[in-house]
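Residue-level structure breakdown
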Amino acid sequence: MEILDLLVPTEKYSLSDATTAVATLLGGLFVVWQYYQNSRVSRARAAADEVASFSNDEAVKLALRLIDWHSGSISYVNAAGVRSSVFFTEQDFHLALRPHSTPRSKVWEYEEKTDLFKTRMQEKNAPCEDLFSPIEQYVRDTFDAFLSRLERVDSLVGSGVIAKKNFGECFSYWLNLIGDPKSKDDKFAHFANAKRNTLIEYIKYYQFTGAQRLFRRYGKKL
């Protein structure tokens, strides 16, 4: 038997054989197309759910409020689960987000007379330079949750679940507010460079690298 005989079929194909082959091919293509469409719908739904969940997260909303406001009242939940309103200042922001290695008195433009936690601790003759008040710890937990959500968003953007453009449009105000240094006449000057530097130091010190990477995707270097 010659090699040609092995390559050429000995029986003729019928029209029904050809029709079956074409139908099988078309069916396979339809399955692939349907899988692709379902994947697109699934990704779109997952992206919408994640963005909605991010926007409605209480920790995210509080962190953004603390970033956006110079000072004001915030909702605080103590260890017993009791919610109350407390006044939070710019100095409180620096105290809350300072690294563990930084004493209270070393934060930016520290004023002891406005450090209410230190005043109370001194009345008890208790040390407090290296401690965080319950409210400060609550704020730290809030920012940990917020930055962790940003890291999750970065992962989803990187994997294509969330479109970079879509999240950028939803989060554009905050990308600019947090991501850009402020000039004297900047419309975002209420988030002063001092507060921005404290936040960036916190991000770097506690290694929220995914949050940094997310900002870099939009040309913002933290």
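For the structure itself, look to the data block above.
All of the points below concern the structure found in this document. Small disclaimer: the values here were computed from a predicted structure and weren't measured. (Residues numbered from 1 in each chain as written. Predicted model: local features only at pLDDT ≥ 70, side-chain atom pairs only at ≥ 80, totals over all residues. Heavy atoms only, no water.)

**Structural notes on the nonpolar core**
In a soluble, globular protein the nonpolar side chains are often hidden away together inside. Counting 40 residues, the largest nonpolar core has Ile67, Phe143, Phe146, Leu150, Phe171 and Leu199 as its most contacted members. Every element with two or more residues in this core is listed here: helix H3 (58–68), strand E1 (72–77), strand E2 (83–88), helix H4 (90–96), helix H6 (134–158), helix H8 (172–179), helix H9 (193–205) and helix H10 (209–217). Top contributing element to this core by residue count: H6, with 8 residues. If we skip the residues at most four places from it in the chain, leucine 150 touches Phe54, Phe171, Ala211, Leu214 and Phe215. (Core = buried A, V, L, I, M, F, W, Y, C linked by side-chain atoms within 4.5 Å. Buried < 20%, exposed > 50% of the residue type's maximum accessible area, 1.4 Å probe, protein only. Helix = DSSP H or I, 4+ residues; strand = E, 2+ residues; numbered from the N terminus. Contact = heavy atoms within 4.5 Å.)

**With respect to H9**
In this model, H9 (13 residues) spans 18 Å end to end at C-alpha, consistent with the 18 Å of a helix rising 1.5 Å per residue. Taken residue by residue, H9 has Ala194, Lys195, Arg196, Thr198, Leu199, Ile200, Tyr202 and Ile203 as its buried positions. In this structure, the buried residues of H9 make contact with H3, H4, H6, H8 and H10. Downstream of H9 by a residue or two, glutamine 207 has a phi angle that is positive, lying close to 55°. (Expected span 1.5 Å × (residues − 1).)

**What about the packing of aromatic side chains?**
Under the criterion given, the structure shown has 10 aromatic pairs. Arranged with centres 6.2 Å apart and planes meeting at 85°, the rings of phenylalanine 143 and phenylalanine 146 form a pair that is edge-to-face. You can see phenylalanine 143 and its partner phenylalanine 146 sitting in helix H6, 3 residues apart, about one turn around the helix. For the pair phenylalanine 143 and phenylalanine 146, one class covers both residues: buried. Residues tyrosine 202 and phenylalanine 208 carry aromatic rings whose centres are separated by 6.5 Å and whose planes lie at 15° to one another, so their mutual orientation is stacked. A single burial state applies to tyrosine 202 and to phenylalanine 208, both of which are buried. Against the face of phenylalanine 132 rests arginine 140, its NZ or CZ located 4.1 Å from the ring centre. Over the ring of tyrosine 218 we find lysine 164, and its NZ or CZ is 5.6 Å from the ring centre. (Phe/Tyr/Trp six-rings, centres within 6.5 Å; stacked < 30°, edge-to-face > 60°. Lys NZ or Arg CZ within 6 Å of the ring centre and 35° of its normal.)

**Comments concerning the pattern of salt bridges**
One pass over the structure, following the stated rule, counts 9 salt bridges. One salt bridge in this structure joins lysine 61 and glutamate 58, with 3.2 Å as the shortest N-O distance. Linking lysine 61 with glutamate 58, this pair stays in helix H3, spanning 3 residues, or about one helical turn. Look at the salt bridges and you will find they share partners, linking Arg104, Asp115 and Glu136 into a network. (Salt bridge = Lys/Arg side-chain N within 4 Å of Asp/Glu carboxyl O.)

**A look at the packing of H6 against H9**
Between H6 and H9, whose axes approach to 12 Å, the crossing angle comes to 70°. By the angle class used here, H6 and H9 are roughly perpendicular. The two elements H6 and H9 cross, and the hand of that crossing is right-handed. Mapping the contact onto sequence places Arg140, Phe143, Asp144 and Leu147 in H6 and Leu199, Tyr202 and Ile203 in H9. Split by residue class, the contact of H6 with H9 holds 5 nonpolar, no polar and 2 charged. (Axes fitted to C-alpha atoms, helices over the stretch in contact; angles between N-to-C directions. Parallel < 35°, antiparallel > 145°, perpendicular 65-115°, else oblique. Left-handed = near helix turned anticlockwise from the far one by under 90°. Nonpolar A, V, L, I, M, F, W, Y, C, P; charged D, E, K, R; others polar.)

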